[in-house]
Amino acid sequence: MSWLLPLLIATPAAGALILAFWPRNRADRDAPMAGLVVSAVAFGLSVVVALASGTEAGFQLEQERVWIEPLDVSWHVGIDGISSPLVLLTTLLGALCMASLLRGGGPRCGGERALVAMLLLLETGVIGTFLALDLVLFFVFFELVLVPMWFVIAWWGDPHDEPGRRRAASVFLLLTVIGSAVMLAGFLLVYGYAGTFDVVELAERGGEGIPATAQVVAALAIGLGLAVKTPMWPLHIWLPDAHAKAPTVGSVLLAGVLLKMGTYGLVRVWLPVVPDGARDVAPYLAVFAVIGIVYGALACLAQTDLKRLVAYSSVGHMGFILLGISTLTPAGINGALFANIAHGVITGLLFFLAGALKDRYETAEMAMLGRGLYGRSPRLAGVLAVAAVASLGLPGLAGFWGEMLTLLAAFDPIAELPRATYLVCMAVAGVGAVLTAVYFVAVLRQVCQGEPAPSGASSTAAAPSVASVVSAEATRYELVVWAPLVVLTVLFGLAPGLLLGVIDPSVVAMFGGGA
Amino acid sequence: MNGGVQPIDWLAITPPLALALGAIAVLMADGFLVRWRAWSPSGLSVAAILVAGVAVAVLAGDARDVFCVELSSAGAPVVCSYAVDTVSIAVWVVVLVGTLVVTLLSSSGAIDARVPLPEHHFLLLCSASGAMALAASRDLITLLISLEVVSLPAFAMAGLKRGDRRSAEAALKFFLVSVVSAAVMLLGISFVYGATGAVHLESVRAALDAGVDAEPVAVAGVMLTLVGLGFKVAAVPFHAWVPDVYVGAPVPVAAYLSVVSKAAGFVGLIIVLGLGFTPYSWAWGPAVGVLAALTMTVGNVLALRQRNAVRLLAWSSVAQSGFILAPLAVVGEVGDLAVRASLGYLLIYAVVNLGAFAVVAMMVRDRPAGQLADYAGLLRREPWAGVGLAFALLCLAGLPPGVIGLFAKLVAFQAVVEGGMGWLVAVMAANVAIGLAYYLRWTVVILSPSGEEEARPVVHPAVGAAVGGTLTLAVGLSLLPAAVFNVLG
C-alpha cells in the first residue's frame, strides 16, 4: 500500500506532463476536460488514501527511500489525521476548479492548456507538502508551488489591469521566496545540531540535542517563512492584491489550500521539531495573530471590492488559526486544524461566488454590483448568504467551531505560557469576531438586500449596466460545482465530530503528552 | 631533492596532457594537412576531450600523487605538486563537459563566421588543458602557471573575431585585467614564500600552523593571492571586465569564460584556501564573506536592468559567483563541508549555465542583436530550445521544477549556516529573491506568444546536440541530485 501516496503525488504531475505533449491544435479545447479527469482521479485516490489511513494516530502508508545519500535527504512520505483532511480538501478544490474551468468559469484570454498544466503542477506541490516527512522534501514541494502560482496570477489574472496583476504576482513570489529561504536556513540549523532531516525522528526527539538559543533562532527562522505563507500580520501585504488580481481558480486555490501550507507547516514542523524555541516564540505569535484578527476585520470594513474583502477576511481567519496554534494545547491545535479546513471550504466558496459575480458584471466593486441580488438572482444570492454567514462564524455552520475552539484554548494555554497575555488576546479576538460579523452582514445588506436598482452613479461606461446582464442567475452547472462546498459547510457545522474525530487522535498523540 | 629522474604516473597526468596534445594536433593538422575539412578542427577537439574523459573515468575514485619531492630537511614529509583526488576529479568533469559543449557550439557554421576555426580550437584546448592542470596542482607555482595557461589563450579567443573592434577592445581589457591580477597574485605568492619558505600548499599550511615570524607579511601575501584570484572569478569589486568581454566575444567564448575559466579560478581559490591558507581563516574568512555578499548583490542588482541576453547572463554569472564564494568564507570553520558545497554549486552552475548559453548561441545566428525581446515565442518556434532555456533559468533561480538549482542553493546555505555566519545567510536569502525577478522575467518572455508567426529556424546539429545534452543533464540531475554529490564524496 505504500505506493498509494507516491501515486497520489504523481497523478497531477503526470497530467501536467501529458498536457505538455498534447497535439497543439486541440490542446486548449481539451485541456479543461483533461484537467477535470486528472483531478477527479486524484480526488478519488485521496479518498482511498484517507479511508486506508483511518483515524488511528501515527503515520500510515509510509514510504521511505534514500534520495540523496551524501546530504542525508530521503524521500519520506506518510499521512496521518493532521494531513489527510488537508489532502482531501486540496484534491476536492482542485477538481472543483477544473470543473468550473470547463464551462466558462475560466479566464477569457486563452492558453487553457498552460493554465490547466500550471494548476495541476500546483496541486502536485501542495499535496507533496502535506505528505512530506523530510524537511528537504517538504521544502522542495513547498517551493514547487510558487512558479505555477506566479504564472496563474500574472497571466490569467485580472484582464483589466495587466501591470497590477504582474505586480501582485511578483510581490507574492518575492516575499514568499525570501521567507522560504529563511525557513531553509532554519531547517539547516536544525540539521546542524540534530544530524537528520527526518520529521518523524526529529519529532520523537522533541528538540533534544538542539541547544536553547539555537532552538529559538531556528523557531524564528522557520516560523518566519511559514508566517509569510500563512500569512501572519504584518507579513500579509502580498495577500490582498494577489487574491484580488488572481483569476477565480487562482483565488480559490490560493485561499483554499496554499495558505494552509503555512499553518500545516507550523503544526507539522515548527511545534514538534523545535518545541522549546516554539514555546518562547508562541506568545509573540499570539499577539501578532490577534492583531491580524482585528486588522483583518477593520480592513474589511473599508473595502469596496468584494474579492479584496474576502481576501482581508482571510487575514482575520488565519489569525484565529495562528492563535489556536500558539496556545500549544491539543485543543488549540485541534481548533486551528478544524478552522483550517473550514476556512478552505468557506473561503473557497466565497471566491467562487465573487468570481462568478465578477465574470457577470466585469467588476467586483460592491457599489457597481448594485443592490437586490436576492431579487435578481435568488439562487446565487442564497449561496452567497450561506457562505457569508458561515464565514462570520454562525453556530451551526463550519466557521463556528474552529473559532470557538481556538478562543477556548486561548483561555487555557499550556502552563509555561503567560496566561494573562492569552486572556487579553482572547478578549481582543472576541471583539474581532464581532467585527467580522459586522462586515459580512454589511456585505449582505449592500449586495443582496434592497430593491434591484441600476447601479450607483459611480457606474462607468465600460462596465455593463446591471440591467443589461441577462444571465445574472447562477446556472445549474455552477450550482453543482458549488454544492459540495455548501454541503461540507453545513455538515461540518452540524457534526464537527466527523472532522475532529479524524484530527484529534493524531494531535493528541503528538502534542497531548508533552504539551 | 635527490636529483635524478622522477617517476611519472602517466595515467594521472593524461587528462591535461590529452587536451594539450590535442591542441598541438589541431595546429599541426591545420598547417600541414591537405584535405582539411570544415568540421575537422571540432572533430579533433572532441576526440581529445573524449580521451581525457576516458582517463578521468578510469581515475575516478582513485587518489594519486605525482611530482613529489622529499624536502631537504631530514624527516620532513614528502610533498607533491600534482594530486588526483575528489576535488580534481570533480573539476575535471566540469572542465571537460564545459569544453565539450563549447566545442560543439564552435562548430563550423555554428559560430560567428569571422572566427578562424583551427586557431579557435587550438586556443580552446590549450586553455582547457590549463584548467585541467590547475585542478590537480597542489603547489603555488604550478597553480599560478596553470592559471596563466588558462587565461592567455582565453583573451586571444575573446579577440579572435576578425575585423570586429568591439571584440578586440574586449580582448585588450581582459588582457590587462588578467595580467594585473597575475602580477598581484605573484606578489602575494612571493610574500607567502618569503614568510613560510614553502610553495607546496601542504608545507605552507604546516608552516602557518606552526606560526611564522613575519606574520604581517604572511597575511599580506594571503590577501594579495586572494585578490589575484578574485579577478579571475570576477568577484566584485574586481568584476568590471566581465560584461564587455562577454558581449564582445563570440557567444561560445562567453560560455567558456563563464563556466570553464571561472571554474578554474574557483578551484584555485578552493585549493589555496582549503588546503594552504586554512590556518589564517580568521583573516580571510570575513573578507571572503564580504566579497561573496558584494558579488551576489551587485551582480543581481545590475542584472535586473539588462535587456540584452548575453549581458544578463554575464551579470547573472557574477551573481552566481557570489553564491559559489559564500561557502568558502567558512572553510576555516566547517572544512570539507564548505569545499563540497562550493564544488557542488560550481558543478550544477556549470551544467545549467552552459544550457542557457547553448540556446543563446543558437538564437544569435538569426537575431544577432540578442535582446531579451527576441526570445518572445521561442517556445512555439523551437519548443525544445524554449524548454531548455526556461529550465536552465529556473535552475539558476533555484526554484522547482529546477530542483537541481535548489539543491545548489541548499548546500551553499548549509555550509554558511553551519559556519555560523548569520549575516551572510540573510544576504543570500535576499539575493535569491532578487535573482528570481530577472530569471522569471526572461522565462516569461520565452513562454509568451510573439505575435508574428515565423518559420522554424534551422538549427545546427552540433548546437542542437549541445542544447539537448545540457537539458537532459539538467533534468536528469533534478530527478537524481545524488549524482552530483556522490562525485564529491
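Up top you'll find the structure we're talking about.
Rules used throughout
- Residues numbered from 1 in each chain as written.
- Chains lettered and ligands numbered in written order.
- Predicted model: local features only at pLDDT ≥ 70, side-chain atom pairs only at ≥ 80, totals over all residues.
- Heavy atoms only, no water.
- Helix = DSSP H or I, 4+ residues; strand = E, 2+ residues; numbered from the N terminus.
- Buried < 20%, exposed > 50% of the residue type's maximum accessible area, 1.4 Å probe, protein only.
- Contact = heavy atoms within 4.5 Å.
- Areas by Shrake-Rupley, 256 points an atom, 1.4 Å probe, with all protein chains shown as cover.
- Lys, Arg positive; Asp, Glu negative; His and termini not counted.
- Charge placed at Lys NZ, Arg CZ, Asp CG, Glu CD.
- Buried area = accessible area lost by both parts, 1.4 Å probe.
- Salt bridge = Lys/Arg side-chain N within 4 Å of Asp/Glu carboxyl O.
- Polar contact = N/O pair within 3.5 Å; in protein donor to acceptor, adjacent residues only side chain to side chain.
- Nonpolar A, V, L, I, M, F, W, Y, C, P; charged D, E, K, R; others polar.
- Disulfide = S-S within 2.5 Å.
- Core = buried A, V, L, I, M, F, W, Y, C linked by side-chain atoms within 4.5 Å.

Colleague: An account of the overall build of chain B is requested, with residue identities and associated values reported.
Modeller: Summing up its helical and strand segments, chain B has 20 helices and two strands in all. Its C-alpha atoms give chain B principal-axis dimensions of roughly 75 × 60 × 40 Å. The buried share among the 489 residues of chain B stands at 62%. Expressed as a percentage of contacts within chain B between residues at least 6 apart in sequence, the contacts between residues at least 24 apart total 78%. Summing over all exposed atoms, chain B offers an accessible surface of approximately 17000 Å²; the carbon and sulfur share of this is 67%. Averaging the coordinates of the 24 positive side-chain charges in chain B and doing the same for the 26 negative ones gives two points 13 Å apart.

Colleague: Describe unusual backbone geometry, naming the residues involved and giving the relevant values.
Modeller: Cis rather than trans, the peptide bond between Thr230(A) and Pro231(A) has omega equal to -10°. For the bond running from Val236(B) to Pro237(B), omega is 10°, close enough to zero to count as cis. In the Ramachandran plot, Leu61(A) falls in the positive-phi region, its phi being about 55° despite a non-glycine side chain. Take Leu61(A): its relative accessible area is 14%, and that puts it in the buried class.

Colleague: Which residues make up the interface of chain B and chain A, and what are the values?
Modeller: Across the contact, 33 residues belong to chain B and 30 residues belong to chain A. Buried surface at the junction of chain B and chain A, both sides included, amounts to about 2800 Å², of which 82% is carbon and sulfur. Of all residues in chain B, Pro400(B), Leu410(B) and Val444(B) give up the largest surface area on contact with chain A, accounting jointly for 17% of the area buried on that side. The interface formed by chain B and chain A contains zero salt bridges. Here chain B is connected to chain A by two residue pairs in polar contact (both at pLDDT 80 or more). Only helix H16 (383-397), helix H17 (403-419), helix H18 (422-447), helix H19 (461-479) and helix H20 (482-487) of chain B provide two or more residues apiece to the side of chain B that touches chain A. The class makeup of the residues in the side of chain B that touches chain A is 25 nonpolar, five polar and three charged.

Colleague: So what about the side chain of Arg165(A)? Which residues, and what values?
Modeller: All names here are of chain A. On the secondary structure map, Arg165 appears in helix H7 (residues 162-194). Glu162 provides the closest opposite charge to the buried, salt-bridge-free Arg165, at an N-O distance of 4.4 Å. Arg165 has contacts with Ile153, Ala154, Trp155, Gly157, Asp158, Pro159 and Lys245, leaving out every residue within four places of it along the chain.

Colleague: How would you summarise the pattern of salt bridges if you had to cite specific residues and measurements?
Modeller: Residue and element names in this part refer to chain A. If you walk through the whole model with that rule in mind, you get 14 salt bridges over all chains. Of the charged contacts in the structure, one is a salt bridge between Arg268 and Asp80, with a shortest N-O distance of 2.6 Å. Separated by 188 residues along the polypeptide, Arg268 in helix H11 (residues 248-273) and Asp80 in the loop between strand E2 (73-79) and helix H3 (84-102) bring together distant segments of the chain. For Arg268, a relative accessible area of 1% puts it in the buried group.

Colleague: Can you explain the state of the cysteines? Please cite residues and give values.
Modeller: Scanning the model with the defined rule gives one disulfide over all chains in all. Between Cys68(B) and Cys80(B) runs a disulfide, and the two sulfur atoms are separated by 2.0 Å. When the S-S torsion is 100°, as for the bridge of Cys68(B) with Cys80(B), the disulfide is right-handed. Taken as a pair, Cys68(B) in strand E1 (residues 64-70) and Cys80(B) in strand E2 (residues 78-84) lie far apart in primary sequence, 12 residues in all. You can call Cys80(B) buried: its relative accessible area is 13%. Of the cysteine sulfurs around Cys300(A), a residue in no disulfide, the closest is that of Cys448(A), at 16 Å.

Colleague: Hey, could you go over the nonpolar core for me, with residue numbers and the actual values?
Modeller: Core analysis: the biggest nonpolar cluster contains 384 residues, and Phe407(B) and Trp442(B) have the highest contact counts within it. Here this core takes 21 residues from helix H14 (residues 336-366) of chain B, the largest share from any one element. Once residues within four sequence positions are removed from consideration, Phe407(B) is found in contact with Trp67(A), Ile68(A), Leu71(A), Val73(A), Val136(A), Val140(A), Pro481(B) and Phe485(B).

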